Structure formats: C-alpha cells, structure tokens
Amino acid sequence: MEKTFARIANAVARGAGRPITFILCMALIAVWGFSGPFLGFSETWQLIINTSTTIVTFLMVFLIQNTQNRDGAAVQAKLDELVRVSAGKNSFIGIDHLTAAEVEEIRSTCEAAVARSQSSEPAGKRDKEEKRRQPQAQNT
C-alpha cells in the first residue's frame, strides 16, 4: 500500500508541476468564468468551482506533503552518509530528529567554532585559504 501511494504521489507531484497542467487549469477556470453569464451566475455555478478547488487543494496537500517528506528524508540520509564516511563528527548524524531548539544550539556551537578558528588564524593564511577556495567554488 505504501509503495503504491508513493508512486501515485510522485506521479501527481510531477504532473502538477508541469506548465501544461497550469495551462489546463487556467483554461478550465476561463471556461467556468465565461459560462457564468449563460448560467445566470447561479449558486450552482459558483458551487461548482468552489467545491472543485476545495477538493483538489485538500488532496494535493497530502500528496505533496508525502513527496516532500520522502525527499527530505532521502536528502538527510545522504548527508548522514557523507558525515559518516568523512572527517565530520558522527554526532551530527540524526540531528534532524532533534527539536528546533536543540538544532539551533548545535548550529550556534558550530558557528562559534568557525568564528574562533577564523580569528585564531593569521590574516595572511586566511587570505591564501580564501583564494585557494575561490576557483573550486566557480567550478561547482
């Protein structure tokens, strides 16, 4: 069931993000709008667009959220693997499960460590390091 839902969610998310889908929705709204005078701008005429958009929005929220949750988890797993195989601290693995306050505390600690390391380096060494990094940044 979960794999089937994931496939459907991915297909809908891909389809909803295409320009042709937007154009088709705009055309549908235009047809609805132009039909108003012929239908006397009745309550039924208004109810059609209100109900349709509410249903589509309601369903899309769940499908898109599912897709984003899986994408976020996949990115996090990739980052965790990079930390695990690099010289990074393995204690960072899994911090996405911490509270916002705990993550903010870790981020502040990391920023303070960077600031300390930059202030303790001689200015000439820092400048050389920056120049060495610039061509790498342009290549990526």
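Every value quoted in this text rests on a predicted model; they were computed, and no experiment measured them.

## Quick look at the overall build of the protein
- Of regular secondary structure, the protein possesses 5 helices and 0 strands.
- Counting from the amino terminus, the protein carries its helices and strands in the arrangement α-α-α-α-α.
- Counting contacts in the protein only where the partners sit at least 6 residues apart, residues at least 24 apart contribute 34% of the total.
- Surface accessibility of the protein: about 11,500 Å² in total, with carbon and sulfur atoms responsible for 65%.

## Quick notes on the environment of Ala73
- Position of Ala73 among the secondary structure elements: in helix H3 (residues 43–85).
- A C-alpha to C-alpha distance of 9.1 Å links Ala73 and Asp96, two positions 23 residues apart in sequence.

## Brief notes about the confidence of the model for the protein
- Averaged over all residues, the pLDDT of the protein equals 84, while 86% of them reach at least 70.
- Taken element by element, the predicted model of the protein shows its lowest mean pLDDT in helix H5 (residues 123–139) (54) and its highest in helix H2 (residues 19–35) (94).

## Remarks on the layout of surface pockets
- In this structure, the largest pocket encloses a volume near 430 Å³.
- Cys25, Leu28, Ile29, Thr53 and Val56 are the residues nearest the centre of the largest pocket, which is lined by 16 residues in total.
- Those elements giving two or more residues to the lining of the largest pocket turn out to be H2 and H3.
- In terms of residue count, the dominant contributor to the lining of the largest pocket is H2 (9 residues).
- Within the lining of the largest pocket, the residues separate by chemical class into 12 nonpolar, 4 polar and no charged.

## A look at the side chain of Asp80
- Tracing the backbone through its elements, the reader meets Asp80 in helix H3.
- Despite its burial, Asp80 pairs with no opposite charge; the closest candidate is Arg84, at 9.2 Å N-O.
- If sequence neighbours within four positions are ignored, Asp80 has contacts with Phe92, Ile93, Gly94 and Asp96.

## Here's the deal with H3
- Compared with an ideal rise of 1.5 Å per residue, which puts 43 residues at 63 Å, H3 spans 63 Å between its outermost C-alpha atoms and is within 8% of the ideal.
- Those residues of H3 lying buried are Trp45, Ile49, Met60, Leu63, Thr67 and Asp80.
- Those residues of H3 hidden inside the fold are in contact with helix H1 (2–16) and H2.

## Considering the packing of H1 against H3
- Running from N to C, H1 and H3 point in directions that differ by 105°, and their axes come no closer than 9 Å. The orientation of H1 with respect to H3, classified from their angle, is roughly perpendicular. Here Phe5, Ala6, Ala9, Asn10, Val12, Ala13 and Ala16 of H1 come into contact with H3, specifically with Met60, Leu63, Asn66, Thr67 and Arg70.
- Taken together, the residues of the contact of H1 with H3 break down into 8 nonpolar, 3 polar and 1 charged.

About the cut-offs
- Residues numbered from 1 in each chain as written.
- Predicted model: local features only at pLDDT ≥ 70, side-chain atom pairs only at ≥ 80, totals over all residues.
- Heavy atoms only, no water.
- Helix = DSSP H or I, 4+ residues; strand = E, 2+ residues; numbered from the N terminus.
- Contact = heavy atoms within 4.5 Å.
- Areas by Shrake-Rupley, 256 points an atom, 1.4 Å probe, with all protein chains shown as cover.
- pLDDT = per-residue confidence, 0-100.
- 1 Å grid on protein atoms, 1.4 Å probe; cavity = no way out; pocket = protein on both sides within 12 Å on 5 of 7 lines; lining within 4 Å.
- Points joined across faces, edges and corners; volume = space filled by probe spheres on them.
- Nonpolar A, V, L, I, M, F, W, Y, C, P; charged D, E, K, R; others polar.
- Buried < 20%, exposed > 50% of the residue type's maximum accessible area, 1.4 Å probe, protein only.
- Lys, Arg positive; Asp, Glu negative; His and termini not counted.
- Salt bridge = Lys/Arg side-chain N within 4 Å of Asp/Glu carboxyl O.
- Expected span 1.5 Å × (residues − 1).
- Axes fitted to C-alpha atoms, helices over the stretch in contact; angles between N-to-C directions.
- Parallel < 35°, antiparallel > 145°, perpendicular 65-115°, else oblique.

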